[in-house]
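Residue-level listing of the chains:
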Amino acid sequence: QVKLLQSGAALVKPGASVKMSCKASGYTFTDYWVSWVKQSHGKSLEWIGEIYPNSGATNFNEKFKGKATLTVDKSTSTAYMELSRLTSEDSAIYYCTTTDYWGQGVMVTVSS
Amino acid sequence: EIVLTQSPTTTAASPGEKVTITCLASSSVSNMYWYQQKSGASPKLLIYSTSSLASGVPDRFSGSGSGTSYSLTINTMEAEDAATYYCQQWSSNPNTFGAGTKLELK
């Protein structure tokens, strides 16, 4: 069955970067866009951007341009998101999703 | 950016009761997606393209609407339906989510 397995929780210092992964299985990875979604504690969902694994093409929410970098490794069916210059506002759960399927989420905590 | 306004913010229903959640868009969108999120879990797709039921979703869930007004209906509430529900539009970049409707079991 389809699975999106995300990397583990991260505790990072302000100003640092964090890179998280989303390993896909059970479907043809290169055929579907992978989106990334942010959920701050107890709040709603924000779309960060998406990447098409076959070509590497990306689309971003303007708000996250310069904050998020999306990449893929087709050889391992894995999508990555790197967040840079982290602040407390970046503390949240981050999901990867193909719309139909969602990863389990990565909790990122930004704290000194 | 298209703003999606969900109502009610919170509601409660008894088993067997009908529940309707509304999502109003600040500009016209071509379709709507609906997700269910239970506490501590990832969102789950319920409805895509306004009214199509996602795989494995019980047929007591249905979606409808057009333009700026969309709704999600649970025909007969069950205990397992207690969750937060979100609408999402993909018509305009950035795609946006509503603030959520928390549905509790009465």
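Every value quoted in this text rests on a predicted model; they were computed, and no experiment measured them.

Conventions adopted
- Residues numbered from 1 in each chain as written.
- Chains lettered and ligands numbered in written order.
- Predicted model: local features only at pLDDT ≥ 70, side-chain atom pairs only at ≥ 80, totals over all residues.
- Heavy atoms only, no water.
- 1 Å grid on protein atoms, 1.4 Å probe; cavity = no way out; pocket = protein on both sides within 12 Å on 5 of 7 lines; lining within 4 Å.
- Points joined across faces, edges and corners; volume = space filled by probe spheres on them.
- Helix = DSSP H or I, 4+ residues; strand = E, 2+ residues; numbered from the N terminus.
- Nonpolar A, V, L, I, M, F, W, Y, C, P; charged D, E, K, R; others polar.
- Buried < 20%, exposed > 50% of the residue type's maximum accessible area, 1.4 Å probe, protein only.
- Contact = heavy atoms within 4.5 Å.
- Salt bridge = Lys/Arg side-chain N within 4 Å of Asp/Glu carboxyl O.
- Polar contact = N/O pair within 3.5 Å; in protein donor to acceptor, adjacent residues only side chain to side chain.

### Things to note about the layout of surface pockets
Line of reasoning, step 1. A volume near 440 Å³ is recorded for the largest pocket.
Line of reasoning, step 2. For the largest pocket, the lining is made up of 22 residues, of which A:Q39, A:H41, A:G42, A:I93 and B:Q37 are closest to its centre.
Line of reasoning, step 3. Secondary structure elements with two or more residues in the lining of the largest pocket: strand 9 (92–97) and strand 10 (106–110) of chain A together with strand 9 (83–89) of chain B.
Line of reasoning, step 4. Tallying contributions element by element places strand 10 of chain A first for the lining of the largest pocket, with four residues.
Line of reasoning, step 5. Split by residue class, the lining of the largest pocket holds eight nonpolar, twelve polar and two charged.
Line of reasoning, step 6. In this model, the second largest pocket occupies a volume close to 240 Å³.
Line of reasoning, step 7. Lining the second largest pocket are A:K38, A:S40, A:K43, A:S44, A:L45, A:E46, A:S88, A:E89 and A:S91.
Line of reasoning, step 8. Across the lining of the second largest pocket, the residue classes break down as one nonpolar, four polar and four charged.

### So, unusual backbone geometry
Line of reasoning, step 1. Here the bond from B:S7 into B:P8 is cis, since omega is -5°, no more than 30 degrees from zero.
Line of reasoning, step 2. As for its position among the elements, B:P8 is in the loop between strand 1 (4–7) and strand 2 (10–13).
Line of reasoning, step 3. Cis rather than trans, the peptide bond between B:N93 and B:P94 has omega equal to 10°.
Line of reasoning, step 4. Backbone geometry at A:T99 places phi at a positive 85°, although glycine is not the residue there.
Line of reasoning, step 5. Position of A:T99 relative to the elements: it lies in the loop between strand 9 and strand 10.
Line of reasoning, step 6. Of note in this structure, B:T50 is not a glycine but carries a positive phi near 75°.
Line of reasoning, step 7. Its place among the elements puts B:T50 in the loop between strand 5 (44–48) and strand 6 (52–53).
Line of reasoning, step 8. On the basis of relative accessibility, which here comes to 9%, the residue B:T50 falls in the buried class.

### A look at the interface of chain B and chain A
Line of reasoning, step 1. On the side of chain A, 19 residues touch chain B, which itself brings 15 residues to the contact.
Line of reasoning, step 2. Summed over the shared surface of chain B and chain A, the number is zero salt bridges.
Line of reasoning, step 3. The interface formed by chain B and chain A includes five residue pairs in polar contact (both at pLDDT 80 or more).
Line of reasoning, step 4. Of all the elements, strand 4 (residues 33–37) of chain B adds the most residues to the side of chain B that touches chain A, at three residues.
Line of reasoning, step 5. When grouped by side-chain class, the residues that make up the side of chain B that touches chain A number ten nonpolar, five polar and no charged.

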